[in-house]
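Close look at the chain arrangement
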Amino acid sequence: MADPSPASRAGLLPGDEIRSMNGQVPRDVIEYQLIADEAVVDLDISRGGFDLSLSVDKAAGEPLGAEIASALFDQVRTCDNHCEFCFIYQLPKGMRKSLYLKDDDYRLSFLYGNFTTLTRFTEADLERVIDQHLSPLYVSIHATDPEVRARMLRNRRGALSLRWLRLLLDHEIEVHGQVVVCPGVNDGAVLYDTLAGVLDRFCDLATVALVPLGISRYTTEAAMRAHTPAEAAGVLDTLAEWQQIFQRTLGRRLVYAADEYYLLAGRGFPPAEEYDGFLQHENGIGMARAFEADLLGAETAAMAGAAGHTTGFFQWVEGAPATGYRAPRTAAASQADAGAPRSGRVALRRRSQHPPTVLTGEYGAKVLRPLLAGIGREDVGLVAVPNNFFGGNIAVSGLMTGSDLAAVLSDLPEDRRYLLPDVCLSNGRFLDGMQVSELPRPVEVVATDGRSLLQALGAR
Ligand code: SF4
């Protein structure tokens, strides 16, 4: 049995509410962690309506050993924009409430890699980011022209809020930017102008990602539509031109396009080295190449970082474990994080002798099919699960839902092993609330990286 944690030795119990630590009231897990790192931590707690004080003695930097319920202890800062491309407005009704929360909180940017528009950023926030060196941060740019940006965010503050980006960069905060490219709105000449604006005003950004508008069948915005293949090719042509300009002037590429663009335009992915370390892997930049390198065993330090850094869609809303800022994808993983033995249908299912079939989104299938053929695994079945839940152009594996999987699985034979990437799960649940155990066939949940898939496939 493991030794009790310092918090437990001091008498802290599950369910206790920490009111203050060393006389301070932490606002979030960042401040909690800073105080918890001290050698002596005096806790004022509330237990069943009674106030108590405890003192934890430990080595400086030693974990306190308390599990906290959420990443933010005060309120999450919600966004005051009304972007016509916002995916939250495109969700069907009746999903769990937490999924409808529009956050625009720099702390979630630091903790989870969420993108912030900085429209609600303040002087006090800037001071804190600099003091505590909350870096890297992730900022939605969309357009550097103030008028276009304000129009896209439907918020007049959007015109000026990139001034905070300049200040963050001036104080050596690493910032990654993204442009959600909406055809007819900020592609073409506007995108060209945006990249010129990046060169002119924000050339110290670490990276800029170009990601395509995701559009579900629930959108009510008449002007929002998916890219055509020709438009996707146009974005890639602009990218190629600007990568050359950035390379010439800054000595690095700076801007990258999401994998979806290459699939849509019918072009091959750039070689892995052209992703320069996969710094926006989670945003869909270079996932296919990183996966391929992992699968083929061509691991580099950059790949290891990329493959191990996937949180999935809406992950932060499901809560942050004390062991790290990132929520586990499966309930079994959560137990493992907490030191409990793994158990249950998902984690411990004994591998059957049936041939394997990989379940994935339509984009994932396009990437995986040639990769599996390349490693001689024609024995592996591959099923592209159409996304009827969201509809529109949604085809990524991270947005697969239980209901779509159930519809597909019920028509598939029983004598197969079904492998499911964990990127579509958060704490063991799909976005539509279903659990893996409710699917009509047993499935094995596999971490979304090439090496894990290879292991799960087993020998031919
Ligand atoms: S800033 Fe993000 S959350 Fe807010 S409306 Fe725009 S897309 Fe939605």
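In case you missed it, the structure is sitting above this.
Report follows, based on the coordinates.

Reading the values: the criteria
- Residues numbered from 1 in each chain as written.
- Predicted model: local features only at pLDDT ≥ 70, side-chain atom pairs only at ≥ 80, totals over all residues.
- Heavy atoms only, no water.
- Phe/Tyr/Trp six-rings, centres within 6.5 Å; stacked < 30°, edge-to-face > 60°.
- Helix = DSSP H or I, 4+ residues; strand = E, 2+ residues; numbered from the N terminus.
- Buried < 20%, exposed > 50% of the residue type's maximum accessible area, 1.4 Å probe, protein only.
- Near = heavy atom within 4 Å.
- Nonpolar A, V, L, I, M, F, W, Y, C, P; charged D, E, K, R; others polar.
- Core = buried A, V, L, I, M, F, W, Y, C linked by side-chain atoms within 4.5 Å.
- Contact = heavy atoms within 4.5 Å.
- Arc of directions from axis to C-beta.
- Pairing = 2+ DSSP bridges.
- Axes fitted to C-alpha atoms, helices over the stretch in contact; angles between N-to-C directions.
- 1 Å grid on protein atoms, 1.4 Å probe; cavity = no way out; pocket = protein on both sides within 12 Å on 5 of 7 lines; lining within 4 Å.
- Points joined across faces, edges and corners; volume = space filled by probe spheres on them.
- Polar contact = N/O pair within 3.5 Å; in protein donor to acceptor, adjacent residues only side chain to side chain.

Observations regarding the packing of aromatic side chains
Counted by the stated rule, this structure contains 10 aromatic pairs. Ring centres 5.6 Å apart and planes at 80 degrees place the aromatic pair phenylalanine 115 and tyrosine 138 in the edge-to-face group. In this pair, phenylalanine 115 sits in the loop between α3 (106–112) and α4 (123–131) while tyrosine 138 sits in strand β4 (residues 137–140), placing the two residues 23 residues apart along the sequence. Just as phenylalanine 115 is buried, tyrosine 138 falls in that class too. With a centroid separation of 5.4 Å and an interplanar angle of 70 degrees, the aromatic rings of phenylalanine 121 and tryptophan 164 are classed as edge-to-face. Taken as a pair, phenylalanine 121 in the loop between α3 and α4 and tryptophan 164 in helix α6 (residues 162–170) lie far apart in primary sequence, 43 residues in all. Grouping residues by exposure puts phenylalanine 121 and tryptophan 164 together as buried. Each residue in the set Phe87, Phe389 and Phe390 is aromatic and connected to the rest through ring pairs, giving one cluster.

With respect to the site of the ligand
In the neighbourhood of the ligand, the contacting residues comprise Cys79, Asn81, Cys83, Cys86, Lys102 and Thr117. Class assignment for the residues of the shell around the ligand results in three nonpolar, two polar and one charged.

Brief notes about the nonpolar core
Within the largest apolar cluster, 108 residues are counted, with the highest numbers of intra-cluster contacts made by Leu165, Leu168, Leu205, Leu210, Tyr261 and Phe390. With seven residues, helix α8 (residues 229–250) is the single largest residue contributor to this core. Contact partners of leucine 168, with chain neighbours within four places excluded, come to Leu118, Phe121, Leu126, Val129, Leu137, Ile173 and Val175. Counting residues in each nonpolar core, the second largest holds 19 residues, with Val385, Met400, Leu420 and Val436 among its members.

Considering α4
Burial in α4 covers these residues: Asp125, Leu126, Arg128 and Val129. For α4, the arc enclosing every buried residue in end-on projection is 165 degrees, short of the 170-degree limit, so these residues lie on one face. For α4, exposure combined with an orientation more than 90 degrees from the buried face picks out Ala124, Glu127 and Asp131.

A closer look at the sheet that holds strand β7 (residues 255–257)
Spatially, four strands are ordered β4-β5-β6-β7 in an open sheet, and the strand pairing comes out parallel. One side of each edge strand has no neighbouring strand; the edge strands of this open sheet are β4 and β7. The average undirected angle you get between the axes of adjacent strands in this sheet is 25 degrees. The pairing of β4 with strand β5 (residues 175–181) spans four bridges and is classified as parallel.

Looking at the layout of surface pockets
The computed volume of the second largest pocket comes to approximately 510 Å³. If you trace the second largest pocket, you find 21 residues lining it, with Asp16, Ile18, Ala66, Glu67 and Ile68 closest to the centre. If you list the elements that add at least two residues to the lining of the second largest pocket, you get α1 (6–9) and β1 (17–21). Here the element with the most residues in the lining of the second largest pocket is β1; it accounts for three residues. For the lining of the second largest pocket, the per-class residue count stands at 12 nonpolar, five polar and four charged.

Thoughts on the sheet that holds β1
Taken in spatial order, the three strands line up as β1-β2-β3 in an open sheet, and their pairing is antiparallel. Of all the strands in the sheet, just β1 and β3 (50–57) have a single pairing partner and so form its edges. In this sheet, neighbouring strand axes are inclined to one another by 30 degrees on average, regardless of whether the strands run parallel or antiparallel. In this structure, β1 lies alongside strand β2 (residues 40–47), joined through four bridges in antiparallel fashion.

Notes on the side chain of aspartate 294
Within the secondary structure layout, aspartate 294 lies in helix α10 (residues 287–295). Engagement of the side chain of aspartate 294 in a polar contact is seen with the side chain of arginine 451, the distance being 3.0 Å.

Describing unusual backbone geometry
In this chain, serine 135 is followed by proline 136 through a cis amide linkage whose omega measures 5 degrees. Positionally, proline 136 belongs in the loop between α4 and β4. One non-glycine residue, asparagine 22, adopts positive backbone phi at about 50 degrees. The phi dihedral of histidine 142 falls on the positive side, at around 65 degrees, and the residue is not glycine. Summarising the element assignment, histidine 142 is placed in the loop between β4 and α5 (146–153). On the accessibility criterion, histidine 142 (2% relative accessible area) is buried.

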